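So you can see what is in the structure, the chains are spelled out below.
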Amino acid sequence: MDATTGLIHHPYQPPEGFAAPQPAVHKASTVIFANTAAMRARDWRSRSGYTYGLHGTPTTFTLEERLCHLEGGQQCLLVPSGLAAIANVSLSLLRSGDEVLIPDNAYGPNKALAEGELAAWGISHQFYDPLEPADLAARIGPRTRLVWLEVPGSVTLEFPDLPALVRICRDKGVLCALDNTWGAGLAFRPFELAPGLGVDISAQALTKYPSGGGDVLMGSVITRDKALHQRLKATHMRLGLGVGGNDVETVLRSLPSMALRYRAHDEAARALAAWCAARPQVVQVLHPAWPGSPGHEHWQALCTPAGGGQGLAAGLFSVVFDARFSPAQVDAFCDALRLFKLGYSWGGPMSLVVPYDLRSMRQRPTPHLLPGTVVRFSVGLESVDDLRRDLAQALGSQLPPA
Ligand SMILES: *Cc1c(COP(=O)(O)O)cnc(C)c1O
């Protein structure tokens, strides 16, 4: 069954005589046992029953199963945010004396966790160049226990050769975890990158496309290996990571429309990226599906169907404005936008914009990026014509062509 269809036709059983397709919302901290023998016999790790709200309800189990189906995994943990998913993975698998490798263009708070808590606990880190598989291979040492992967890079959207990076981890016997928020389980199959080749762990911010509303924070950690899942689950339990039933319901309600929304965000972002590329004020367009964008060929190899077709590329793109415009002028452009609102995150119906100062975000040189100021757009579900007019009026008033 196609991943999209499986989000709707799922073997959920409603109560006898109530054949509604939508799942019920069960909320609980306490779950009552029939007697002390049943209480003692109950193993919280097993999904054969229920122990305590933090360890799962029928509602959280339903969402976990749907997400496994979506990403092609076998086990799932739900956590309170995308960042909590990253933390759950790193805190489960790393101990004092270990090292973690993180792409230099990773989601910023992943790097901050390494520089903060992990460093304080004696866990070292290195930031590798995801566009150079040889750089990753050279940095994997005897203390490396975990390699983070992310496609595409945060803000600058460089697309790495993901199968090559995973193969290096496999050859060196190091676990790899993918931040799969951008792909969302739709753009490519993280556990089936090539025959016999997949990531060990896929973490997602459900906050983005799975929620789709800009109103829920949640994350998921998906695996295909039961023993690995149990390691992650033990830490999940000891940290007390749980999610609320109403938030789970919101994501369950949004999942069936996710593939449609994702494609709509994608088509609009491509149209606007192409329009921006033709503006004289823009020196570089960063969008995995845009020819010439760093790693475009790797996006094409991973995210377009073998028989042809336009593939999938989410709703994000960035532009580099000509260095003759000061950062203050670029700020004024962002302020002049009316439909694109200034705000973090993406995946909701409203278009968002953020100007970035890359110097504070990268530890390594970025020769593939032209000089200038980077602005990232997250394209929502508004009319593309309205969004284009908004970009045009803000450009015209704040960043006049030479
Ligand atoms: C948003 C995001 C996260 C964090 O998700 P939150 O739910 O906001 O904590 C992690 N990784 C990526 C790539 C993201 O875009």
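What you see is a predicted model; the values in this text were computed from it and never measured. (Residues numbered from 1 in each chain as written. Predicted model: local features only at pLDDT ≥ 70, side-chain atom pairs only at ≥ 80, totals over all residues. Heavy atoms only, no water.)

(A) Structural view of unusual backbone geometry. A cis amide bond, omega -15°, links Val-151 with the succeeding residue Pro-152. If you check the backbone angles, Ala-184 has positive phi at about 60° while not being a glycine. Counting through the fold element by element, Ala-184 comes out in the loop between β5 (175–179) and β6 (201–205). Residues other than glycine seldom take positive phi values, yet Ala-314 does so here, at roughly 60°. Following the sequence through the fold, Ala-314 ends up in the loop between α11 (296–303) and β9 (316–321). Classification of Ala-314 by relative accessible area gives buried; the value is 0%. (Helix = DSSP H or I, 4+ residues; strand = E, 2+ residues; numbered from the N terminus. Buried < 20%, exposed > 50% of the residue type's maximum accessible area, 1.4 Å probe, protein only.)

(B) Quick peek at the sheet that holds strand β10 (residues 341–342). Spatially, the five strands line up as an open sheet ordered β8-β9-β12-β11-β10, and their pairing is mixed. A single partner strand is all that each edge strand has here, and the edge strands are β8 (282–286) and β10. The sheet contact formed by β8 and β9 spans four bridges and is antiparallel. What sits directly across from Val-285, in β9, is Val-319. Those strands touched by helix α10 (residues 258–277) are β8 and β9, and its axis lies near 10° from that of β9. (Pairing = 2+ DSSP bridges. Contact = heavy atoms within 4.5 Å. Axes fitted to C-alpha atoms, helices over the stretch in contact; angles between N-to-C directions.)

(C) Expanded view of the pairing of β9. Of all six residues in β9, six are buried, a share of seventy percent or more. Burial along β9 is two-sided: the residues Leu-316, Ser-318 and Val-320 and Phe-317, Val-319 and Phe-321 are all buried. Two elements, β9 and strand β12 (residues 373–378), share six bridges in a ladder whose sense is antiparallel. From the neighbouring strand, Ser-318 faces β12, where its bridge partner is Arg-376.

(D) Spatial organisation of the site of the ligand. Contacts to the ligand come from Ser-81, Gly-82, Leu-83, Tyr-107, Glu-150, Asp-179, Thr-181, Ala-205, Thr-207, Lys-208, Leu-217 and Trp-346. Between an oxygen atom of the ligand and a side-chain N or O atom of Lys-208, the distance comes to 2.5 Å. Its free accessible area being 380 Å², the ligand has 87% of it covered by the protein chains. The cavity where the ligand resides is the largest pocket. Grouping the constituent residues of the shell around the ligand by class yields five nonpolar, four polar and three charged. (Near = heavy atom within 4 Å. Polar contact = N/O pair within 3.5 Å; in protein donor to acceptor, adjacent residues only side chain to side chain. Areas by Shrake-Rupley, 256 points an atom, 1.4 Å probe, with all protein chains shown as cover. 1 Å grid on protein atoms, 1.4 Å probe; cavity = no way out; pocket = protein on both sides within 12 Å on 5 of 7 lines; lining within 4 Å. Sits in = over half its atoms within 2 Å of the grid points. Nonpolar A, V, L, I, M, F, W, Y, C, P; charged D, E, K, R; others polar.)

(E) Representation of the packing of aromatic side chains within the structure. A full pass over the atoms with the stated rule returns eight aromatic pairs. Plain terms: the ring middles of Phe-321 and Phe-333 are 5.1 Å apart, the flat faces sit at 65° to each other, and that makes the pair edge-to-face. Taken together, the positions of Phe-321 in strand β9 and Phe-333 in helix α12 (residues 327–336) put the pair twelve residues apart, joining distant regions of the chain. The class for Phe-321 is buried, based on a relative accessible area of 2%. Exposure remark for Phe-333: the relative accessible area of 1% places this residue in the buried category. Pairing Phe-340 with Phe-377 gives two aromatic rings, centres 5.3 Å apart and planes at 70°, and the pair type is edge-to-face. Here Phe-340 is found in the loop between α12 and β10, whereas its partner Phe-377 is found in strand β12, with 37 residues between them in sequence. Using a relative accessible area of 1% as the deciding quantity, one classes Phe-340 as buried. Chaining the aromatic ring pairs together yields one cluster made of Phe-317, Phe-321, Phe-333, Phe-340 and Phe-377. The ring of Phe-127 has Lys-111 lying over it, and the distance from NZ or CZ to the ring centre is 4.7 Å. (Phe/Tyr/Trp six-rings, centres within 6.5 Å; stacked < 30°, edge-to-face > 60°. Lys NZ or Arg CZ within 6 Å of the ring centre and 35° of its normal.)

(F) Region of the structure containing the domain arrangement of the protein chain. Under the domain assignment used here, the protein chain contains domain 1 (26–51), domain 2 (52–256) and domain 3 (257–398). When each unit is reduced to the centre of its C-alpha atoms, the spacing between domain 1 and domain 3 is 49 Å. (Domains from an automatic or database assignment.)

(G) Broad picture of the packing of helix α4 (residues 82–93) against helix α5 (residues 108–120). Closest axis-to-axis distance for the α4/α5 pair is 10 Å, and the angle between their directions is 45°. For the element pair α4 / α5, the angle class is oblique. The interaxial crossing formed by α4 with α5 has right-handed handedness. Residue-level contacts link Leu-83, Ile-86, Ala-87, Ser-90 and Leu-91 of α4 to Pro-109, Asn-110, Leu-113 and Leu-118 of α5. Among the residues forming the contact of α4 with α5, the class breakdown is seven nonpolar, two polar and no charged. (Parallel < 35°, antiparallel > 145°, perpendicular 65-115°, else oblique. Left-handed = near helix turned anticlockwise from the far one by under 90°.)

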